[in-house]
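Spelled out from the first residue to the last, the chains are:
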Amino acid sequence: MKKKHVLIMGGGMIGLSAAFSLLKRGLDVTILEKSICGGQATGAAAGMLAPFSEISEDPDPFFTFCLESLRRFPEWQKEVKRESGMDFEYTESGSLHAVYHESDLLGLESRIGWQKRFGSEAEIVEGDRLQQLEPLLSDEVIAAIYSPDEAHVYAPECAQALEEACRKMGAVIEDRLESVTIRSWLNEPVLEAADGRRFSGDHLVVASGAWSGQLEDTFGLRIPVFPIRGQICAYDREGADVRHIISSSQGYLVPKANGTLVNGASEDISGFDTGVTEKGIARLVNWNYRMLPFLKERQPFHTWAGLRPATQDGFPLLGRLADAPHVIFATGHYRNGILLSPATGEAVADLIDGAGLEDHFRNAFFPERFS
Ligand SMILES: Cc1cc2nc3c(=O)[nH]c(=O)nc-3n(C[C@H](O)[C@H](O)[C@H](O)COP(=O)(O)OP(=O)(O)OC[C@H]3O[C@@H](n4cnc5c(N)ncnc54)[C@H](O)[C@@H]3O)c2cc1C
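Note that this is a predicted model, so its numbers are computed, not measured.

Visitor: I tried to follow the side chain of Glu-192 on my own but got confused; where do I start?
Guide: By the secondary structure assignment, Glu-192 is in strand 10 (residues 190-193). With a relative accessible area of 16%, Glu-192 lands in the buried category. A distance of 3.0 Å separates a polar atom in the side chain of Glu-192 from a polar atom in the side chain of Arg-183. Among residues more than four places away in sequence, those in contact with Glu-192 are Ser-179, Val-180, Thr-181, Arg-183, Arg-197 and Arg-198.

Visitor: Mind showing me how you'd approach the sheet that holds strand 2 (residues 28-32) here?
Guide: To summarise the sheet geometry, strands pair through backbone hydrogen bonds and adopt either a parallel or an antiparallel arrangement. Ordered in space as 8-2-1-12-19-18, the six strands form an open sheet in which the pairing is mixed. Of all the strands in the sheet, the pair left with one neighbour each is strand 8 (172-174) and strand 18 (317-320). In this sheet, neighbouring strand axes are inclined to one another by 15° on average, regardless of whether the strands run parallel or antiparallel. Across five bridges, the pairing between strand 1 (residues 5-9) and strand 2 is parallel. Along strand 2, the bridge assignment pairs Met-9 with Leu-32.

Visitor: Hey, could you run me through the sheet that holds strand 14 (residues 245-248) in this one?
Guide: The strand order across the open sheet built from eight strands is 5-6-4-14-15-16-13-17, with neighbouring strands paired in mixed fashion. Both edges of this open sheet fall to strand 5 (123-126) and strand 17 (302-311), since each of them pairs with a single strand only. Averaged over all neighbouring strand pairs, the angle between strand axes comes to 25°, with direction disregarded. Both strand 4 (residues 95-99) and strand 14 contribute to a ladder of three bridges, which runs parallel. For His-97, the partnering residue across the bridge sits in strand 14 and is Ser-247. Against the sheet, helix 5 (residues 105-116) engages strand 4, strand 5 and strand 6 (143-147), with an angle of about 15° to strand 6. The strands that helix 9 (residues 278-288) touches are strand 13 (225-236), strand 14, strand 15 (251-255), strand 16 (260-264) and strand 17; relative to strand 13, the one it contacts most, it runs at about 50°.

Visitor: Quick question: what am I supposed to make of the site of the ligand here?
Guide: Among the 36 residues in the neighbourhood of the ligand, the closest are listed as Glu-33, Thr-42, Met-48, Tyr-334 and Arg-335. Here an oxygen atom of the ligand and a backbone polar atom of Leu-339 are 2.9 Å apart. Look at the ligand: alone it shows 1000 Å² of surface, and the protein chains cover 97% of it. Going through the elements one at a time, helix 1 (13-24), helix 2 (41-44), strand 13 and strand 17 are the ones with two or more residues in the shell around the ligand. Taken domain by domain, the shell around the ligand gets at least three of its residues from each of domain 1 (5-81 + 155-224 + 313-365) and domain 2 (93-149 + 226-311).

Visitor: When you look at the nonpolar core in this model, what are you seeing that I'm missing?
Guide: Formed by 59 residues in total, the largest nonpolar core has its most connected members in Ile-8, Leu-22, Leu-49, Val-205 and Val-348. Counting only elements with at least two residues in this core, the list comes to strand 1, helix 1, strand 2, helix 4 (61-84), helix 7 (155-168), strand 19 (327-331), helix 10 (341-353) and helix 11 (359-365). The element best represented in this core is helix 4, accounting for nine residues. Residues contacting Ile-8, with those up to four places away along its chain left out, are Gly-15, Ala-18, Ala-19, Leu-22, Val-29, Thr-30, Ile-31, Leu-32, Val-205 and Ala-207. One finds Val-141, Val-285, Leu-292 and Phe-294 within the second-largest nonpolar core, a separate group that totals 25 residues.

Visitor: Would you take a moment to explain the packing of helix 4 against helix 7 for this structure?
Guide: A pair of packed helices is characterised by two quantities: the angle between their axes and the separation of those axes. Here helix 4 crosses helix 7 at 60°, and the two axes come no closer than 8 Å. In terms of orientation, helix 4 lies oblique with respect to helix 7. Handedness of the crossing formed by helix 4 with helix 7: left-handed. Contacts between helix 4 and helix 7 involve Trp-76, Val-80, Glu-83 and Ser-84 from the former and Cys-158, Ala-161, Leu-162, Glu-164, Ala-165 and Lys-168 from the latter. A class-by-class count of the residues in the contact of helix 4 with helix 7 yields six nonpolar, one polar and three charged.

Visitor: Sorry, what's going on with the environment of Asp-273 here?
Guide: The topology assignment puts Asp-273 in the loop between strand 16 and helix 9. On the basis of relative accessibility, which here comes to 42%, the residue Asp-273 falls in the partly exposed class. Sequence separation between Asp-273 and Glu-163 is 110 residues, and the spatial gap between their C-alpha atoms is 25 Å. Aside from chain neighbours lying at most four places away, what touches Asp-273 is Arg-229 and Leu-307. Separated by 2.7 Å, the side chain of Asp-273 and the backbone nitrogen of Gly-275 make a polar contact.

Visitor: So what exactly am I meant to see when it comes to unusual backbone geometry here?
Guide: Trans is the common state for peptide bonds, and a negative phi is the common state for residues other than glycine. Here the bond from Gly-264 into Ala-265 is cis, since omega is -25°, no more than 30 degrees from zero. Even without a glycine there, the phi angle at Arg-176 is positive, about 50°. Residue classification places Arg-176 among the exposed residues on the basis of a relative accessible area of 64%.

Visitor: Which parts of the structure should I look at to understand the packing of aromatic side chains?
Guide: A ring pair, where both rings are aromatic, is described by two values, the distance of the centres and the angle of the planes. Tallying each qualifying case throughout the model produces 15 aromatic pairs. Here the aromatic rings of Phe-73 and Trp-76 are separated by 5.0 Å at their centres, their planes lie at 70°, and the arrangement is edge-to-face. Taken together, the residues Phe-73 and Trp-76, both in helix 4 and three residues apart, mark about one turn of the helix. For Phe-73, a relative accessible area of 0% puts it in the buried group. What makes Trp-76 buried here is its relative accessible area of 5%. Plain terms: the ring middles of Phe-219 and Phe-329 are 5.2 Å apart, the flat faces sit at 65° to each other, and that makes the pair edge-to-face. Taken as a pair, Phe-219 in helix 8 (residues 216-219) and Phe-329 in strand 19 lie far apart in primary sequence, 110 residues in all.

About the thresholds
- Residues numbered from 1 in each chain as written.
- Predicted model: local features only at pLDDT ≥ 70, side-chain atom pairs only at ≥ 80, totals over all residues.
- Heavy atoms only, no water.
- Helix = DSSP H or I, 4+ residues; strand = E, 2+ residues; numbered from the N terminus.
- Buried < 20%, exposed > 50% of the residue type's maximum accessible area, 1.4 Å probe, protein only.
- Polar contact = N/O pair within 3.5 Å; in protein donor to acceptor, adjacent residues only side chain to side chain.
- Contact = heavy atoms within 4.5 Å.
- Pairing = 2+ DSSP bridges.
- Axes fitted to C-alpha atoms, helices over the stretch in contact; angles between N-to-C directions.
- Near = heavy atom within 4 Å.
- Areas by Shrake-Rupley, 256 points an atom, 1.4 Å probe, with all protein chains shown as cover.
- Domains from an automatic or database assignment.
- Core = buried A, V, L, I, M, F, W, Y, C linked by side-chain atoms within 4.5 Å.
- Parallel < 35°, antiparallel > 145°, perpendicular 65-115°, else oblique.
- Left-handed = near helix turned anticlockwise from the far one by under 90°.
- Nonpolar A, V, L, I, M, F, W, Y, C, P; charged D, E, K, R; others polar.
- Phe/Tyr/Trp six-rings, centres within 6.5 Å; stacked < 30°, edge-to-face > 60°.

Following this line, the structure appears as structure tokens:
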């Protein structure tokens, strides 16, 4: 029987992880990337795998999807490393979510209460225990939630490894295409690159991140996916022993194995501009030393920004189109696309295999829900 051929539009973490899952199941895959794989939001990400720190409100389908992906990560990252032969600093560091005021303690308790129902090993730590866990933490911090099961990767290298794994497993990766236009999709999908080359397949996966909203006219659907810029910076942390992902309501700090400390991130609207602004970085610099006082004496050596694919209701668009089930949307992962890669990849492969998503994901993530 002829193998199914899947076209994937977009070579960020989501397109690449979909490709990886499909290749494992023996399908033919072509990734069409207008620029370079991992060159947009994916390459800008801090790489946290931290649903407990990121999602403070009551659990919803987005949280449970994030949690499912976190549980898949240890095995998934081993597979990617094995197939690619590359490393990307998967680090099971655990995390500390810090507060400064007595009045915030109640919030921590309710947060930990519902998270424990989802298998979190988290605990509230204070005083000596907190100092032992993170010796350089400011003594202004009065308590933190310690979540031992959160981790991080070096996102740009994770995307490179995933790309390499996909190539080795037989994917065709067409990058630097400048533009890719969908010429038809109702029946056989046909996509055309700027140089006039046409690509056809049995299935189309739309994984074009923050640019997905530009496909509204093509599909005749409302696709409220829009870019939210994240400005972020990195410090050299030589001589400073930082052990965990540290976050507060103001932002986060992630100690990378390569000796840097990543500090993010703004959430501002700038269209498709990926420049950094003085104000955006100053907001990070003016806050982070209240978490780690040694930062007051240092300046970031690198600043950058990326465009998160945000959606109107905060949930991704993940599923088949009703009238064209060979078209799968996998976009709008906002702040958690790195974390969500393993679960999204498998979901896309299940959808192409003809299986559905679990009910609570299917309804919440249905790509046509805004139309
Ligand atoms: C500063 C910052 C920090 C972040 N930190 C984290 C974190 O710690 N943990 C986490 O899980 N997530 C984090 N994120 C979010 C994460 O980066 C995104 O959710 C994720 O990268 C989205 O992946 P994607 O593949 O959908 O999008 P992208 O990586 O943007 O990839 C989309 C790709 O599609 C291509 N494309 C667009 N249109 C077309 C077209 N017409 N044809 C062909 N190709 C096209 C683009 O060139 C791009 O390469 C962060 C994001 C930012 C900006």
